[in-house]
Amino acid sequence: MVITLREYLDKTGAGEQLKDLIVLIARQAVPIREAFLHNQSYAKSFNASGEQQAALDEWSDRHITKVLEASGLVAELASEEQPDIVRFPGARAEYAVVMDPLDGSSLIQVNLAVGTIVGIYESGGVLQKGENLKAAMYMLYGPMTVLTLTVGEGVYIFALNEESEYILLSGLVQMPEGKLYGSGGLRTEWTDAHAFCIDTIEHDGAKLRYSGSFVADFHQILKYGGVYCYPALKEKKGGKLRLLFEAIPIGFIAAQAGGAISNGAGNLLGVQPSSVHQRTPLYVGSKGLIRRMEELLRE
Ligand code: AFP
């Protein structure tokens, strides 16, 4: 039996406004996909983290921001592509959204999978611990467009069909213990502790898979098990990935699928963000492997 995104949401405890917001955001995969063709280049601008924006980064950011403002459902938004928190004082609901509108943008020009990452808090603004999220989702633009979603009742994966309708692909996804791994940062930049950790799991048979798109790399860890990491580097103690836009929503999904996310020392979902563009070292994947890596990092 075919189950649509809306039908699935109607069976959950999510409130009407949250369901509307999720469906609205998920639908933006259609215009974003269409925009790929005309936004292949780099823009002249740099984001708040000093990285050059792709034209599609800018386009997706502007597009989703406009849609969220018009919805009247979102009071506060933090985007990887905007320097400050954006407030919509006219909103009739209190939702706060954190997003990376186009994650993995260096892969746009080589046509590898990239995605849109979103986290939704019910109220209280965007600077909150990940464990407070009400919902998290990502749309992955690969050969198929898939939506991975949690409203705190497990993880469900949907595929966008030819009528631009999301159809349930798999439900109550459980992340297995697995042997894939990918680590960001150059080996020469890794700390001794992280290098020891990677040497050890490689010795135990871990197999390298790393594309440069966090959302795509995480999706295969979700399905096959293993670990994605972007560690603290010798010269950059915070690593590269952003706590709000990347780590928190993906970590919430991982935890809902029975996996875990750590900053190397403990659960990253318990970390209180202090600024919008804060970076964090990150290890996300199969629970047993994450615990093992925390132990190895301590040794
Ligand atoms: P953006 O393309 O959205 O800036 O993010 C890319 C990213 O944050 C993440 O998606 C990748 O896993 C990581 O950077 C890749 O970084 P390296 O190029 O250092 O491997």
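Above this text you will find the structure in question.
Small disclaimer: the values here were computed from a predicted structure and weren't measured.

Novice: Even after reading the chapter, I still don't get the sheet that holds strand 14 (residues 260-262), so can you show me in this structure?
Specialist: By way of backbone hydrogen bonds, the strands of a sheet pair with one another, either parallel or antiparallel. Strand order in the open sheet formed by five strands is 12-11-13-15-14, with mixed pairing between adjacent strands. The strands lining the two open edges of the sheet, one partner per strand, are strand 12 (207-208) and strand 14. Strand direction decides the pairing type here: strand 14 and strand 15 (residues 282-285), joined by three bridges, are antiparallel. Paired with S262 across the bridge in strand 15 is Y283. Along the sheet, helix 8 (residues 287-298) contacts strand 13 (226-230), strand 14 and strand 15; its crossing angle with strand 15, the most-contacted strand, is approximately 150°.

Novice: What is the right way to look at the sheet that holds strand 5 (residues 95-103) in this model?
Specialist: The eight strands are arranged 4-3-5-6-7-8-9-10 in an open sheet whose pairing can be described as mixed. In this open sheet, the two strands that pair with only one neighbour each are strand 4 (86-87) and strand 10 (166-170). Relative to strand 6 (residues 114-121), strand 5 runs antiparallel, the two being bridged by six bridges. Pairing of A96 across the sheet is with Y121, part of strand 6. Against the sheet, helix 4 (residues 55-71) touches strand 3 (74-79), strand 5 and strand 6, its axis set at about 160° to strand 5. Here helix 6 (residues 214-224) sits on the sheet in contact with strand 5, strand 6, strand 7 (135-141), strand 8 (145-150), strand 9 (155-160) and strand 10, set at roughly 105° to strand 7.

Novice: Which parts of the structure should I look at to understand helix 4?
Specialist: Note that an α-helix has 3.6 residues per turn; residues three or four places apart therefore point the same way. The terminal C-alpha atoms of helix 4, which comprises 17 residues, lie 24 Å apart, in line with the 24 Å expected from a rise of 1.5 Å per residue. Three or more residues of helix 4 are buried, namely A55, L56, D57, S60, D61, H63, I64, T65, V67, L68 and S71. Positive phi appears at G72, one or two residues downstream of helix 4, with a value of about 70°.

Novice: When you look at the pattern of salt bridges in this model, what are you seeing that I'm missing?
Specialist: In a structure, side chains of opposite charge can pair up when their charged atoms sit close to one another. Summed over all chains, the structure comprises 13 salt bridges. The partner of R6 in a salt bridge is D20, with the nearest N and O atoms 2.9 Å apart. Taken together, the residues R6 in helix 1 (residues 5-10) and D20 in helix 2 (residues 16-27) connect sequence positions 14 residues apart. The class for D20 is partly exposed, based on a relative accessible area of 35%. A salt bridge links E76 to R87, with the shortest nitrogen-to-oxygen separation between them at 3.1 Å.

Novice: Is there a simple way to think about the environment of H63 in this case?
Specialist: Tracing the sequence through the fold places H63 in helix 4. Classification of H63 as buried rests on a relative accessible area of 17%. Separated by 35 residues in sequence, H63 and Q28 have C-alpha atoms that sit 8.4 Å apart. What H63 contacts, discounting residues up to four positions off in sequence, is Q28 and P31. One polar contact links H63 to Q28, side chain to side chain, over a distance of 2.7 Å.

Novice: Just checking my understanding: could you explain the site of the ligand for this structure?
Specialist: Around the ligand there are 18 residues in total, and D103, S105, Y210, Y228 and Y230 lie nearest to it. In this structure, K240 approaches the ligand through a side-chain N or O atom, which is 2.9 Å from an oxygen atom. When atom positions are compared with the pocket grids, the ligand is found to occupy the largest pocket. Top contributing element to the shell around the ligand by residue count: strand 5, with three residues. Taken together, the residues of the shell around the ligand break down into six nonpolar, five polar and seven charged. Taken together, domain 1 (5-170) and domain 2 (180-298) each give at least three residues to the shell around the ligand, which thus spans both.

Novice: How should empty space enclosed by the protein be read in this particular structure?
Specialist: It is a probe the size of a water molecule, rolled over the atoms, that shows where empty space is left. Under the criterion given, the structure shown has one cavity of 30 Å³ or more. In this model, the largest cavity occupies a volume close to 30 Å³. Contributing elements (two or more residues each) for the lining of the largest cavity: strand 11 (180-183), helix 6 and strand 13. When residues of the lining of the largest cavity are assigned to their parent elements, the largest contribution, three residues, is made by helix 6.

What counts as what
Residues numbered from 1 in each chain as written. Predicted model: local features only at pLDDT ≥ 70, side-chain atom pairs only at ≥ 80, totals over all residues. Heavy atoms only, no water. Pairing = 2+ DSSP bridges. Helix = DSSP H or I, 4+ residues; strand = E, 2+ residues; numbered from the N terminus. Contact = heavy atoms within 4.5 Å. Axes fitted to C-alpha atoms, helices over the stretch in contact; angles between N-to-C directions. Expected span 1.5 Å × (residues − 1). Buried < 20%, exposed > 50% of the residue type's maximum accessible area, 1.4 Å probe, protein only. Salt bridge = Lys/Arg side-chain N within 4 Å of Asp/Glu carboxyl O. Polar contact = N/O pair within 3.5 Å; in protein donor to acceptor, adjacent residues only side chain to side chain. Near = heavy atom within 4 Å. 1 Å grid on protein atoms, 1.4 Å probe; cavity = no way out; pocket = protein on both sides within 12 Å on 5 of 7 lines; lining within 4 Å. Sits in = over half its atoms within 2 Å of the grid points. Nonpolar A, V, L, I, M, F, W, Y, C, P; charged D, E, K, R; others polar. Domains from an automatic or database assignment. Points joined across faces, edges and corners; volume = space filled by probe spheres on them.

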